Amino acid sequence: MRIALAGQPNCGKSTIFNSIAGYKAITSNFPGTTVKYTETKTHIEGYTCNCIDLPGTYSLTSGDPAELEARRHLLSGEVDVIINVIDASLLCRSLELTLQLLELEVPMILCLNMMDEAQRKGIQIDAPKLSNLLGVPVIPTIATTGKGLKELFIDVLRVREEKRIGKTPKFSKDIEEIVSQLDSILNSEWPVKEKVPTRFLSIKLLENDEFFINETKRNSNATNRIRPLQEKLEQIHGSPSDEVISSERHALAMNLFEKVSTVIHPPKRDIRITIDNWVMHKFFGYLILVGVFYGFFNFIFGIGGYIEEPLMELFDYWIGGLEEFFGKGSLALFLFRGVLQGIAGGIAIVLPYLVPFLIGLSILEDVGYLPRVAFLMDVFMHKIGLHGKSIIPFILGYGCSVPAVMATRILEFPQHRFIVSILTTMIPCAARITIIFGLVAFFISPNAALMIFALNILVVAVSGKILSTLYPEPGSLGLILEIPAYQLPPLKNTLKKSWYRIREFIVIAWPLLIIGSALLALMEYGKVDLYFNRFLSPLTHLLGLPVSVGATLIFGLLRKELSLIMLTQALGTTQVLTVMTKSQIMVFTVFVTFYIPCLATIAALWKEIGKKGALLAILFTLSVAIILALITHIFFGIFPLW
Amino acid sequence: MTTLDQVHENNKAKVIDIQGGQGIRQRLGQMGIHPGDTIMMLRYGALRGPILIEVHGSQVALGRRIASRILVEEIE
Ligand SMILES: Nc1nc2c(ncn2[C@@H]2O[C@H](COP(=O)(O)OP(=O)(O)OP(=O)(O)O)[C@@H](O)[C@H]2O)c(=O)[nH]1
Ligand SMILES: [Mg+2]
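Residues numbered from 1 in each chain as written. Chains lettered and ligands numbered in written order. Predicted model: local features only at pLDDT ≥ 70, side-chain atom pairs only at ≥ 80, totals over all residues. Heavy atoms only, no water.

By the definition in use, this model includes 0 disulfides over all chains. With no disulfide of its own, Cys400 of chain A lies closest to Cys429 of chain A among cysteine sulfurs, the gap being 6.3 Å. (Disulfide = S-S within 2.5 Å.)

Right, dumping it as structure tokens:
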């Protein structure tokens, strides 16, 4: 049995999914968190079920790639029960999707989530009455506390057994007539691959749904007979046929909404409105934005720097001990030192910064700050040919480039997706952030690290301008983005999300760091690393870096953290300042921040924007990295600040 | 009659028509904006940035260009 969670963006689908799956799907307070499906096996009352979490979708009409993914699953005919999750505080708008889902004639259950929000707004919903009108069970829930979720899944079984497919409210008579005329045409000649109910397809065709119209055109000449029916609708109602249907559906939804809901008290004076008066203010909004990110920076450095120092000393002491124990130059020493340095890198350099960073990022996401940043930044994003929504992939890029590249699926226009995908890989991900903190902030000064972040933003903006000039998007409409209400971060979920991301480092990256570090040690023992270093010597020479860092740059392609951990390995000391000047550290970090995305990111790029796009990203970032590192090198040659 | 981007902060307006192709109608319709709906103007962004409106209980940010394509009538 396959159960699908479907609903409009940000209504709590992934939160409900996680309640049965453990923390498997990322949840955040902005529309468009989920962009691909997640599946889990679960047991309800002894039955084995597959439950899938889908991206949010405002409607079943063609949309952005994330919405199309949801639609593809819903139309596949492989879903046995749909759980239609609704944000109860936005019932009226949400019902428009519900009406479309009912047309699919799949057993369905309505989950009225965010009942706490509805209550805060003073909206009372008569769930039994709604259930009566739609012919499907309606279960009120609060996903963040788990309230009502047990009943929900038990009812899923009942719906499946009874095959409760609900009833779709009818449109006005003249529209229904045209729908049934089209029904009979389609019944004699089925023009698409999808096995959807006839009425559903008729309505979609009358709505001029891009996908189905194109399918129909390709497979049959039924379009000749569809157009006159669309025209008839247009004549009667005096507006384009897509608008006729969507207005009609809208009216049905409003009608249902009015029947089942009552405003019992005016919305309580909400402190969140006052907060937005500041956060989204024309002037103070930007001050707060800078303040938040500056505070965030200090928070990470405060914690990380405090922990890095004593841990590094401890590991240095141990590594020194190894030398005494094994004797200089022995193979065992190289091997054990390599392993120990890999372990040390994870504990002393990466985790102290990674943990506070990821917790902070989770909090920002869960509070709902990101869409506000999109609002504030829209103006500036226009200057580089994008619009505000693109800021969301950028911010996610500070966490990890892979989900950031995938998050471009929430952008409507292909050229925007192309440009933003390439640009997000230049945003320093958590791994590169630890390099900036662990190397530059720690050995030089926090201000030098801030300079790198500022330089990065500047370069991304200029690159954006260049790319959007090369690949203009003529059809861009501009920003249309829902701004959800603030939420107190659901502490348990926020921490689980942070852990979900930290675990990725611990189980995948860290072992790789240890192996890589040991491998480099062995290479040093066998003097193989010299080949790598010689191969890269034109580059390291050009940038004025020690030749021995060459190999670390190659390993950095696997995981960005490797460049840092292996740097200490390659230089033979954690006291980096004894072998590199501060200027060299700056040049190295600038290069590492920008050059070629890691393997996993290249794979994600390949998938999202194709082979050519991925190749372009590699060449582009490499050129940017070389140019900037060279400028940095020359700059510090002329102005030796330290 | 005016366009949505001309409505003053904290004023309400009723949508008369949306000018533009099916794409823009669809995207706005999904946000609950159709002819006949009431929209409340909440705030303007700086430097001709986007506007923030409330419609059917949800808040939506709209770029100025789009807002200028929504014909409305201000409600006193
Ligand atoms: N107050 C309240 N917040 C909730 C409830 N359910 C979920 N949330 C919060 O709403 C936000 C969105 O939840 P998600 O589970 O990510 O929503 P989604 O439907 O998966 O969103 P998309 O993937 O973007 O479509 C998160 O910040 C949740 O913590 C609820 O019942 N009450
Ligand atoms: Mg989700």
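This part covers the coordination of the magnesium ion (ligand 2). Coordination of the magnesium ion (ligand 2) by the protein involves Ser14 of chain A (OG) and Thr34 of chain A (OG1), with metal-donor separations of 1.9 to 2.0 Å. Pair noted here: Ser14 of chain A is in helix α1 (residues 13–21) and Thr34 of chain A is in the loop between α1 and β2 (38–44), with a separation of 20 residues, a long-range link. (Donors = N, O, S within 2.8 Å, 3.2 Å for Na, K, Ca; no water. Helix = DSSP H or I, 4+ residues; strand = E, 2+ residues; numbered from the N terminus.)

What follows covers the interface of chain B and chain A. Each side of the interface is counted separately: chain B has 35 residues, and chain A has 39 residues. Of the roughly 3200 Å² buried where chain B meets chain A, counting both sides, 56% is carbon and sulfur surface. Of all residues in chain B, Arg27, Gln30 and Arg43 of chain B give up the largest surface area on contact with chain A, accounting jointly for 21% of the area buried on that side. For the pair chain B and chain A, the number of links is 4 salt bridges. The salt bridge involving Asp242 of chain A is made with Arg25 of chain B; its shortest N-O contact spans 2.7 Å. Counting every contact that joins chain B to chain A gives 14 residue pairs in polar contact (both at pLDDT 80 or more). The set of elements that each furnish at least two residues to the side of chain B that touches chain A consists of α1 (22–30), β3 (38–44), β4 (51–55), β5 (58–62) and α2 (64–67) of chain B. (Contact = heavy atoms within 4.5 Å. Buried area = accessible area lost by both parts, 1.4 Å probe. Salt bridge = Lys/Arg side-chain N within 4 Å of Asp/Glu carboxyl O. Polar contact = N/O pair within 3.5 Å; in protein donor to acceptor, adjacent residues only side chain to side chain.)

Another point: the domain arrangement of chain A. The assigned domain composition of chain A is domain 1 (2–162), domain 2 (173–263) and domain 3 (284–481 + 498–638). Taking only C-alpha atoms into account, the centre of domain 2 of chain A sits 50 Å from that of domain 3 of chain A. (Domains from an automatic or database assignment.)

Residues and elements named next belong to chain A. Taken N-terminus to C-terminus, the directions of helix α19 (residues 430–443) and helix α20 (residues 446–470) make an angle of 145°; their axes are 8 Å apart at the nearest point. When you trace α19 past α20, the crossing you get is right-handed. On the side of α19, the interface is formed by Ile433, Ile436, Phe437, Val440 and Ala441, while α20 contributes Pro446, Ala448, Ala449, Ile452 and Phe453. Considering only residue class, the contact of α19 with α20 consists of 10 nonpolar, no polar and no charged. (Axes fitted to C-alpha atoms, helices over the stretch in contact; angles between N-to-C directions. Left-handed = near helix turned anticlockwise from the far one by under 90°. Nonpolar A, V, L, I, M, F, W, Y, C, P; charged D, E, K, R; others polar.)

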